[in-house]
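Per-entry structural report
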Amino acid sequence: MRNDRLNTLTNGIVKSNPTFRLVLGTCPTLAVTTQAINGLAMGAAVTFVLLCSNIMISLLKKLILDRVRIPAFVVIIATFVTVVQMVMKKFLPSLYDALGVFLPLIVVNCIILARAEAFASCNPVLDSALDGLGMGFGFTLSLTFIGIVRELLGAGSFFGMPIGSLGNVSMTVFILPAGGFLVYGTLMALVNFLSGLAENRKYSASSHNEKKDEKEAKV
Amino acid sequence: MRKSLGYEILMTALVLVVIAGIAGALLGLVNHFTEVDEEELIARKATAVYDGDLMKYVAEEGFDAPIEDGAGEVVGVYVPKGNDPDVYVLVARGTGAYKGSLEILVNITRGKIVKIATYEANETPGLGSKALDESYFRQFYNKAITPDFPGFALVKRQAATSDEVSAVTGASKSSTAVTNAVNAAVKWYQMRVLRRVQV
């Protein structure tokens, strides 16, 4: 049981990472990752909304009639997005400006609606919360990662801090949309290659163990 | 059958109304704690260009028409609360930016621009935002604004004369918008303070 819960949590981070494996929410991914801090902030905002809306929808799943579940989900999600927007405008105005229109657009982010529809509306509260948290972390990690790479190549800095004279040889294209696609695609290939490698190793290790078991059984 | 249809309609409406009502109440509560006072926001941002308390500048009658020159306009004027003559902090908007327009704060002290800061802009980080760096703003500083100063001219080379500023490579749109905004501020200062033209 505990293992199941752990799986629910880590599922969104590695196995079904929303950005690199499910390829959901690519529009904000490409748009805001010009700087690492923007990616991190966007990820944090989405994580908060995912967690809260997953909990809320899971709590209300018996109450919400099937026929009107989509409008009900959207109202719940929009409420939490507006909360994030208000809090960010008050306390983090520069990030609020940097994220611009993509902050209110979290309402229609497919990761959130997909998790609400596919997971929260048919699972208990705790599992839904863990799922939201895991998916949110996965999204945040991916966005920050893309942001770090793009900022490093395109502006020669790391979280806004210039690294030596790297800024003089930076390639502006990586901050532009075209560079976003390039980085996104390359990182996706890399992540898939690495996780494929890890899966193969796991598979061969388990088959090795099985053979060993067979031998032992024969003896 | 009819009864269950009515019941269903009622339940559907009721559930949606309850959810929307709770959502509205929650948002009202959050808004109460996070409401941003626009005047306070300007005052807080203005500390970037002027060290001290500011208040809204009240123009005399006949001097309160907006100043604009097509590409830029002055949207707000603030003066120090204490005794500090001939200091004006202007909120100026310039068009031609990458995403429409941007707003900057310009401090004109005794006939010279001494400090510029970003007020509201959505330029691409690391690209257009280079035109919002201090290194670009510095080109406008400490140049005497006389009654017939023609305004700053943007050039795509090294600035040769004192009224020229060189655009930031890769950020020509944002450079243009900033120059437009600065020129609107300069025009305001010339019309209202130096020449006292009644519009």
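Residues numbered from 1 in each chain as written. Chains lettered and ligands numbered in written order. Predicted model: local features only at pLDDT ≥ 70, side-chain atom pairs only at ≥ 80, totals over all residues.

1. A word on the overall build of chain A
A tally of regular secondary structure across chain A gives 8 helices and 2 strands. Secondary structure elements in chain A, listed N-terminal to C-terminal, are α-α-α-α-α-α-α-β-β-α. The burial tally for chain A puts 37% of its 219 residues in the buried class. The long-range fraction of contacts in chain A, counting pairs at least 24 apart against all pairs at least 6 apart in sequence, stands at 75%. (Helix = DSSP H or I, 4+ residues; strand = E, 2+ residues; numbered from the N terminus. Buried ≥ 20, exposed ≤ 12 C-beta atoms within 10 Å, placed from the backbone. Contact = placed C-beta atoms within 7 Å.)

2. Regarding the overall build of chain B
A count of helices and strands for chain B gives 4 helices and 7 strands. Moving toward the C terminus, one meets the helices and strands of chain B in the order α-α-β-β-β-β-β-α-β-β-α. Taken over the C-alpha trace, chain B has a radius of gyration of 24 Å; the compact-globule value for 199 residues is 16 Å, which it surpasses by more than 25%. Dimensions of chain B, computed from C-alpha atoms along their principal axes, come out at roughly 85 × 40 × 30 Å. The buried share among the 199 residues of chain B stands at 33%. In chain B, of all internal contacts separated by at least 6 residues, the share reaching a separation of at least 24 is 60%. (Rg over C-alpha atoms; globule rule 2.2 N^0.38 Å.)

3. Let's talk about the pairing of strand β2 (residues 72–80) of chain B
Each regular strand carries side chains that alternate between the two faces of the sheet. Residues and elements named next belong to chain B. Across 3 bridges, the pairing between strand β1 (residues 54–56) and β2 is antiparallel. Each bridged residue has a counterpart across the sheet, and for Met 55 the counterpart in β2 is Val 79. Summarising the sheet, β2 and strand β3 (residues 87–97) pair through 6 bridges and their orientation is antiparallel. From the neighbouring strand, Gly 72 faces β3, where its bridge partner is Gly 94. Taking the residues that link successive antiparallel strands as the turn, the β2-β3 hairpin has 6 residues, and the phi of Asp 86 there is positive, at about 60°. (Pairing = 2+ DSSP bridges.)

4. Considerations on the sheet that holds strand β5 (residues 112–120) of chain B
Residue and element names in this part refer to chain B. The antiparallel open sheet is built from 5 strands, whose spatial order is β1-β2-β3-β4-β5. On the outer flanks of this sheet lie β1 and β5, each paired with one strand and no other. Here the strands of the sheet are splayed against their neighbours by 35° on average, with no regard to which way each runs. Against the sheet, helix α4 (residues 172–194) contacts β2, β3, β4 (100–109) and β5, and its axis sits at roughly 140° relative to β3. (Axes fitted to C-alpha atoms, helices over the stretch in contact; angles between N-to-C directions.)

5. Let's talk about the interface of chain B and chain A
Contact residues are listed per partner, giving 20 residues for chain B and 26 residues for chain A. No other element matches the 12 residues that helix α1 (residues 2–34) of chain B contributes to the side of chain B that touches chain A. Split into classes, the residues belonging to the side of chain B that touches chain A amount to 12 nonpolar, 7 polar and 1 charged. (Nonpolar A, V, L, I, M, F, W, Y, C, P; charged D, E, K, R; others polar.)

6. Let's talk about the nonpolar core
In a soluble, globular protein the nonpolar side chains are often hidden away together inside. Within the largest apolar cluster, 88 residues are counted, with the highest numbers of intra-cluster contacts made by Val 49 of chain A together with Leu 90, Ala 92, Val 106, Val 182 and Ala 185 of chain B. Ranked by residue count, the leading element in this core is helix α3 (residues 36–60) of chain A, at 11 residues. (Core = buried A, V, L, I, M, F, W, Y, C linked by C-beta atoms within 7 Å.)

7. Observations concerning the confidence of the model for chain B
Of all residues in chain B, 94% attain a pLDDT of 70 or more, and the chain-wide mean is 84. Here the predicted complex scores 0.74 on pTM and 0.73 on ipTM. (pLDDT = per-residue confidence, 0-100.)

8. Considerations on the packing of α3 of chain A against helix α4 (residues 69–91) of chain A
Geometry of a packed helix pair, given as the angle between the helix axes and the separation of the axes. Residue and element names in this part refer to chain A. At a minimum axis separation of 9 Å, α3 and α4 run at an interaxial angle of 140°. In terms of their interaxial angle, α3 and α4 are classed as oblique. For the pair α3 and α4, the sense of crossing is right-handed. Each of Ala 45, Phe 48, Val 49, Cys 52, Ser 53, Met 56 and Ile 57 in α3 lies in contact with α4, whose residues at this interface are Phe 73, Ile 76, Ile 77, Phe 80, Val 81 and Val 84. (Parallel < 35°, antiparallel > 145°, perpendicular 65-115°, else oblique. Left-handed = near helix turned anticlockwise from the far one by under 90°.)

9. Let's talk about the domain arrangement of chain B
Assigned domains within chain B: domain 1 (1–35) and domain 2 (41–194). For domain 1 of chain B versus domain 2 of chain B, the distance between C-alpha centres works out to 48 Å. (Domains from an automatic or database assignment.)

10. Details of the packing of α3 of chain A against helix α7 (residues 125–155) of chain A
Residues and elements named next belong to chain A. The interhelical angle for the contact between α3 and α7, taken along N-to-C directions, is 170°, at an axis separation of 8 Å. By the angle between their directions, the pair α3 and α7 is classed as roughly antiparallel. A breakdown of the residues in the contact of α3 with α7 according to their chemical character gives 18 nonpolar, 12 polar and 2 charged.

11. Quick look at the pairing of β3 of chain B
Within β3 of chain B, 9 of the 11 residues are buried, leaving the element largely enclosed by the surrounding structure. In sequence, β3 of chain B turns back onto β4 of chain B through a hairpin of 2 residues.

12. Topic: the environment of Ala 46 of chain B
All names here are of chain B. By the element assignment, Ala 46 lies in helix α2 (residues 38–46). Under the C-beta neighbour-count criterion, Ala 46 is labelled buried, with 21 such atoms within 10 Å. Taking the C-alpha atoms as reference points, Ala 46 and Asn 142, 96 residues apart in sequence, are found 19 Å from one another. Apart from the residues within four sequence positions on either side, Ala 46 is in contact with Leu 54, Tyr 78, Val 89 and Leu 105.

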